[in-house]
Amino acid sequence: MHPVLVYTASRIGLFVVTLGVLLLLGLQNAVLLIIVSFLISGIASYVLLSKQRDALSTRISDKIDRPKPQSD
């Protein structure tokens, strides 16, 4: 599967899970709920998604380093 899709889906999944857990814990304010979920899922993704992030950066780096076809 494409590393960009895997990483993006994983980030969204972590955000949704964090949102659900905070909702179950009783956080009612919608704005605060979204902000705290974003912060917690960002920190969790930094720790939990390192392999996916490395695969993504390798894919991007390979595309950038690939020589461009020369046209006459």
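Definitions and limits used
Residues numbered from 1 in each chain as written. Predicted model: local features only at pLDDT ≥ 70, side-chain atom pairs only at ≥ 80, totals over all residues. Heavy atoms only, no water. Helix = DSSP H or I, 4+ residues; strand = E, 2+ residues; numbered from the N terminus. Buried < 20%, exposed > 50% of the residue type's maximum accessible area, 1.4 Å probe, protein only. Patch = residues over 30% accessible without salt bridge, like charges linked within 9 Å, V, L, I, M, F, W, Y side chains within 5 Å. Areas by Shrake-Rupley, 256 points an atom, 1.4 Å probe, with all protein chains shown as cover. Salt bridge = Lys/Arg side-chain N within 4 Å of Asp/Glu carboxyl O. Lys, Arg positive; Asp, Glu negative; His and termini not counted. Charge placed at Lys NZ, Arg CZ, Asp CG, Glu CD. Polar contact = N/O pair within 3.5 Å; in protein donor to acceptor, adjacent residues only side chain to side chain. Contact = heavy atoms within 4.5 Å.

1. Quick look at the environment of threonine 58
Residue placement: threonine 58 occurs in helix 3 (residues 50-65). Here threonine 58 falls in the partly exposed class, since its relative accessible area comes to 43%. Sequence spacing of threonine 58 and proline 3 is 55 residues, and the spatial spacing of their C-alpha atoms is 9.2 Å.

2. Comments concerning a positive patch on the surface
A cluster of like positive charges, contributed by Arg59, Lys63, Arg66 and Lys68, occupies part of the molecular surface. Along the chain, lysine 68 turns up in the segment after helix 3. Judged by relative accessible area, lysine 68 falls into the exposed class, the value being 68%.

3. Examining a nonpolar patch on the surface
A cluster of nonpolar side chains, Val31, Ile35, Phe38 and Leu39, forms an exposed patch at the surface whose accessible area comes to about 410 Å². Looking at where isoleucine 35 falls in the secondary structure, it is placed in helix 2 (residues 30-48).

4. Observations regarding the side chain of serine 45
Along the polypeptide, serine 45 turns up in helix 2. Using a relative accessible area of 2% as the deciding quantity, one classes serine 45 as buried. Among the polar contacts made by the side chain of serine 45, one reaches the side chain of arginine 11 at a distance of 3.3 Å. In this structure, serine 45 is in contact with Arg11, Leu14, Ser50 and Arg53, ignoring residues within four places of it in sequence.

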